[in-house]
Amino acid sequence: MKEMSSKYLYIFLLVTIILLWSYGWVLTKIGLSYMGPFTFAALRFLLASIAMIVVSFFLKASRPKGKEWIILFIMGLLQTTAMFLLINYGMMFVNVSKSSILIYSMPIWSGILGYIFLHESLGALLVTIGVYLATVAKPKERHKIERSSINIKS
């Protein structure tokens with residue numbers, strides 16, 4: 001019985017995070033009608049920083065040490081700050097659906113760039129594209145994909 005309730009809790013939490021994460025794009029677009037993209041990003045990071053400081057305090061999380069601060073600063077500046085500043089700026093010119101699809105196609109572009117510049121295998125990229133086609137392709141296209149894969153195997 002306890003396993004059943006845990007399962008439903010996990011499903012509830014998963015659906016909740018999906019809805020919150022998805023709705024963030026809509027809220028960003030609405031927020032950009034009231035303030036500029038850089039102001040919006042700064043406000044977003046200020047609120048997130050305060051929330052993380054409070055959570056870290058209650059969890060008694062350890063702080064980074066020595067060179068970890070430099071790595072943390074560079075990652076925060078490039079991966080998070082630059083990405084969201086550019087996303088906010090770009091959302092001024094495209095709709096929410098286009099911007100979210102573009103940003104979440106990042107694994108595909110990372111796979112292509114990793115293959116070109118780092119000579120990595122295309123295996124992960126092909127799996128990512130396969131998952132995309134299996135979940136996002138229109139039903140008629142999915143049917144064609146399934147039929148063509150059946151024909152290839154036999």
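Residues numbered from 1 in each chain as written. Predicted model: local features only at pLDDT ≥ 70, side-chain atom pairs only at ≥ 80, totals over all residues. Heavy atoms only, no water.

**Some points on the nonpolar core**
Note the following rule: Each nonpolar core is a collection of buried residues, namely Ala, Val, Leu, Ile, Met, Phe, Trp, Tyr and Cys, held together in the definition by side-chain atoms within 4.5 Å. Relative accessibility decides the category of a residue: with a 1.4 Å probe and only protein chains considered, values under 20% of the type maximum give buried, values over 50% give exposed, and everything between is partly exposed. For the purposes of this entry, the term helix denotes a DSSP run of H or I that reaches at least four residues, the term strand denotes a run of E that reaches at least two, and both are numbered from the N terminus. Throughout, a residue-residue contact means that at least one pair of heavy atoms, one from each residue, lies within 4.5 Å.
Formed by Trp 25, Leu 32, Phe 40, Phe 84, Ile 87, Met 91, Val 96 and Ile 103, the largest nonpolar core amounts to 8 residues. Elements with a contribution of two residues or more to this core: helix 1 (2-32), helix 3 (68-90) and helix 4 (96-104). The residues touching Phe 84, leaving out its near neighbours within four places in the chain, are Arg 44 and Phe 45.

**Quick notes on the side chain of Ser 105**
Its place among the elements puts Ser 105 in the loop between helix 4 and helix 5 (106-118). Ser 105 gets classed as buried once you look at its relative accessible area, which sits at 16%.

**Things to note about a nonpolar patch on the surface**
Worth spelling out the cut-off: Only residues whose relative accessible area exceeds 30% and that take part in no salt bridge are eligible for patches, with like-charged residues grouped when within 9 Å of each other and nonpolar side chains (Val, Leu, Ile, Met, Phe, Trp, Tyr) grouped when within 5 Å. To be clear on the numbers: accessible area is Shrake-Rupley with a 1.4 Å probe, and residue cover counts the displayed protein chains and nothing else. The term salt bridge refers to a side-chain nitrogen of Lys or Arg lying within 4 Å of a carboxyl oxygen of Asp or Glu.
Taken together, Leu 43, Leu 46, Leu 47, Ile 50, Val 54, Phe 57 and Phe 58 make up a surface patch of nonpolar side chains, about 740 Å² in accessible area. Assessed through its relative accessible area of 63%, Phe 58 is described here as exposed.

**Structural notes on the environment of Leu 85**
Mapped onto the elements of the fold, Leu 85 is located in helix 3. When the C-alpha atoms of Leu 85 and Ala 41 are compared, they prove to be 6.1 Å apart, with 44 residues separating the residues in sequence. Those residues in contact with Leu 85, other than ones at most four positions away along the chain, are Pro 37, Phe 38 and Ala 41.

**Remarks on the packing of aromatic side chains**
What counts is decided by this rule: Here a pair means two rings of Phe, Tyr or Trp (six-membered ring of Trp) with centres within 6.5 Å. Their orientation is stacked below 30 degrees between planes, edge-to-face above 60, and tilted elsewhere.
Across all of its chains, the model carries 4 aromatic pairs by this definition. Taking 6.5 Å as the distance between ring centres and 10 degrees as the angle between the ring planes, the aromatic pair formed by Phe 38 and Tyr 89 counts as stacked. Placement of Phe 38 in helix 2 (residues 37-59) and of Tyr 89 in helix 3 is noted, with a sequence separation of 51 residues between them. Aromatic side chains Phe 45 and Phe 84 sit 6.0 Å apart centroid to centroid with 80 degrees between the ring planes, which places their arrangement in the edge-to-face category. Within this pair, whereas Phe 45 is found in helix 2, its partner Phe 84 is found in helix 3, the two being separated by 39 residues in sequence. In textbook terms, an aromatic cluster arises when at least three aromatic residues are bridged by ring pairs, as seen for Phe 38, Tyr 89 and Phe 93.

**Considerations on the layout of surface pockets**
Selection rule: Cavity and pocket criteria rest on a 1 Å grid covering protein atoms alone: a 1.4 Å probe that fits but cannot get out defines a cavity, protein on both sides within 12 Å along at least 5 of 7 lines defines an open pocket, and an atom within 4 Å of a point defines a lining residue. Grid points are joined across faces, edges and corners, and a volume is the space filled by probe spheres set on the points. Classes in brief: Ala, Val, Leu, Ile, Met, Phe, Trp, Tyr, Cys and Pro nonpolar; Asp, Glu, Lys and Arg charged; the others, Gly included, polar.
Within this model, the largest pocket holds a volume of roughly 800 Å³. The set of elements that each furnish at least two residues to the lining of the largest pocket consists of helix 2 and helix 3. Estimates place the volume of the second largest pocket at around 510 Å³. Sorting the residues of the lining of the second largest pocket by element identifies helix 1, helix 2, helix 3 and helix 4 as the ones contributing at least two each. Among the elements that make up the lining of the second largest pocket, the one with the highest residue count is helix 3 (6 residues). Classifying every residue of the lining of the second largest pocket gives 13 nonpolar, 5 polar and 1 charged.

**Topic: the confidence of the model for the protein chain**
Heads up, the condition is: Confidence of the predictor at the level of single residues is captured by pLDDT, which takes values from 0 to 100.
For the protein chain, per-residue confidence averages 80 on the pLDDT scale, and residues scoring 70 or more make up 84% of the total. Taken together, the stretch residues 145-154 has pLDDT below 50 and engages in 2 contacts with residues farther than four places along the chain or on a different chain.

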